[in-house]
Amino acid sequence: MTHGMRADTYSPHSGGGGDWRDTATRYALVPLRIFLGITFIYAGLDKLTDSAFMKDAGAGSIGDMMRGVRDSSALPALVDMALESPVAFGYAIALGELAVGVGTLLGLLTRLAALGGALISLSLWLTVSWAADPYYYGNDLPYMLCWVPLVLAGAPLWSLDALIRNRRGRGRY
């Protein structure tokens with residue numbers, strides 16, 4: 001009698017299709033998308049509805065904040081550019097955050113939205129939170145790094161991107 005391995009056996013850890021690890025892997029980015037999407041929508045709306053923020057000067061204004069971080073930022077030239085029109089810069093950041101948040105939450109143009117989120121976070125890290133000491137007190141660097149998996153993977157599940165991709169795929173056959 002000969003003993004051997006059967007080729008048709010299913011190992012639950014081989015990626016064969018249905019164990020909880022496979023499911024967890026497929027859905028791993030969904031909580032990140034939800035968190036970043038809601039956070040960026042909230043950040044954009046918070047700026048747009050804060051009467052003090054969208055001003056050139058005064059307590060809590062974008063102008064005073066940018067003037068306050070100019071000398072401690074990694075890129076003072078970027079701050080100078082924002083200070084040419086602080087209110088327009090404030091609106092650009094707020095509307096950018098809204099667009100990134102909505103795109104991420106809905107999973108629409110997710111990689112592009114995530115790239116936008118990473119760039120917003122990078123610019124805020126290099127300007128507003130650069131002087132945080134130690135560096136992990138500033139939150140913009142972790143946000144920037146949280147966007148990277150979404151830039152790389154997009155939103156393969158529970159997204160408009162996936163819905164569009166699936167409809168296009170069915171239409172070709």
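Scroll up to find the structure.
Attention in this report is confined to the structure presented alongside it.

About the thresholds
- Residues numbered from 1 in each chain as written.
- Predicted model: local features only at pLDDT ≥ 70, side-chain atom pairs only at ≥ 80, totals over all residues.
- Heavy atoms only, no water.
- Helix = DSSP H or I, 4+ residues; strand = E, 2+ residues; numbered from the N terminus.
- Buried < 20%, exposed > 50% of the residue type's maximum accessible area, 1.4 Å probe, protein only.
- Contact = heavy atoms within 4.5 Å.
- Areas by Shrake-Rupley, 256 points an atom, 1.4 Å probe, with all protein chains shown as cover.
- Phe/Tyr/Trp six-rings, centres within 6.5 Å; stacked < 30°, edge-to-face > 60°.
- Lys NZ or Arg CZ within 6 Å of the ring centre and 35° of its normal.
- Axes fitted to C-alpha atoms, helices over the stretch in contact; angles between N-to-C directions.
- Parallel < 35°, antiparallel > 145°, perpendicular 65-115°, else oblique.
- Left-handed = near helix turned anticlockwise from the far one by under 90°.
- Salt bridge = Lys/Arg side-chain N within 4 Å of Asp/Glu carboxyl O.
- Expected span 1.5 Å × (residues − 1).
- Polar contact = N/O pair within 3.5 Å; in protein donor to acceptor, adjacent residues only side chain to side chain.
- Core = buried A, V, L, I, M, F, W, Y, C linked by side-chain atoms within 4.5 Å.
- Nonpolar A, V, L, I, M, F, W, Y, C, P; charged D, E, K, R; others polar.

1. A word on the overall build of the protein
Broken down by element type, the protein carries eight helices and zero strands. Helices (α) and strands (β) of the protein occur, in sequence order from the N terminus, as α-α-α-α-α-α-α-α. The buried share of the protein, reckoned over its 173 residues, is 32%. Residue pairs at least 24 apart in sequence account for 65% of intrachain contacts in the protein once pairs closer than 6 positions are excluded. As displayed, the protein offers around 10900 Å² of accessible surface, 65% of which is attributable to carbon and sulfur atoms.

2. Considering the packing of aromatic side chains
Each aromatic ring pair is described using two quantities: the centre-to-centre distance and the angle formed by the ring planes. In total, this model carries seven aromatic pairs according to the counting rule given. Between Phe40 and Trp147 the ring centres are 5.0 Å apart and the planes differ by 85°, which places this aromatic pair in the edge-to-face class. In this pair, Phe40 sits in helix H2 (residues 30-49) while Trp147 sits in helix H7 (residues 140-153), placing the two residues 107 residues apart along the sequence. Each member of the pair Phe40 and Trp147 is classed as buried. Three or more aromatic residues joined by ring pairs make a cluster, and in this case those are Phe35, Phe40, Tyr143 and Trp147. Above the plane of the ring of Phe53 lies Lys47, whose end atom (NZ or CZ) is 6.0 Å from the centre.

3. Quick notes on the packing of H2 against H7
Packing of H2 against H7 brings their axes to within 10 Å, and their N-to-C directions diverge by 130°. On the basis of the axis angle, H2 is oblique to H7. Classified by chirality, the crossing of H7 by H2 is left-handed. From H2, Leu32, Arg33, Phe35, Leu36, Thr39 and Phe40 reach across to H7, where they touch Tyr143, Cys146, Trp147, Pro149 and Leu150.

4. Things to note about the pattern of salt bridges
Enumeration according to the criterion identifies five salt bridges in this entry. Residue Asp56 pairs with Arg67 through a salt bridge whose shortest N-O separation is 3.8 Å. Of this pair, Asp56 sits in the loop between H2 and helix H3 (62-69) while Arg67 sits in helix H3, placing them eleven residues apart in sequence. Judged by relative accessible area, which is 37%, Arg67 ranks as partly exposed.

5. A closer look at helix H6 (residues 110-127)
One full turn of an α-helix is made of 3.6 residues, so residues set three or four places apart face in the same direction. With 18 residues, H6 extends 25 Å from end C-alpha to end C-alpha; this agrees with the ideal 26 Å at 1.5 Å per step. What H6 keeps buried is the set Thr110, Ala113, Ala114, Gly117, Ala118, Ile120, Ser121, Leu124, Leu126 and Thr127.

6. A look at the environment of Thr110
Among the structural elements, Thr110 can be located in helix H6. Spatially, the C-alpha atom of Thr110 lies 7.4 Å from that of Val151, the residues being 41 residues apart in sequence. Non-local contacts of Thr110, meaning those with residues more than four positions away in its chain, are made with Arg33, Gly103, Gly154, Ala155 and Asp161. Engagement of the side chain of Thr110 in a polar contact is seen with the side chain of Asp161, the distance being 2.7 Å.

7. Things to note about the nonpolar core
Residues Leu32, Leu36, Phe40, Val100, Ala114, Ala118, Ile120, Leu124, Tyr143, Trp147 and Leu150 constitute the largest nonpolar core, which totals eleven residues. Of all the elements in the fold, those that place two or more residues in this core are H2, H6 and H7. Examining the composition of this core, we find that four residues originate from one element, H6, more than from any other. The contact partners of Leu124, leaving out residues within four places of it in the chain, are Glu97, Ser129 and Asp140. The next biggest cluster of nonpolar side chains, apart from the first, holds seven residues, and it includes Met54, Val79, Ala82 and Ala94.

8. Section: the packing of H3 against helix H5 (residues 86-106)
Across the interface, H3 lies against H5 with an axial gap of 8 Å and an inter-helix angle of 95°. By the angle between their axes, H3 is roughly perpendicular relative to H5. Contact residues: Ile62, Gly63 and Met66 in H3; Pro86, Val87, Phe89 and Gly90 in H5. In terms of residue class, the contact of H3 with H5 is made up of five nonpolar, two polar and no charged.

This is a description of form; function is not addressed.
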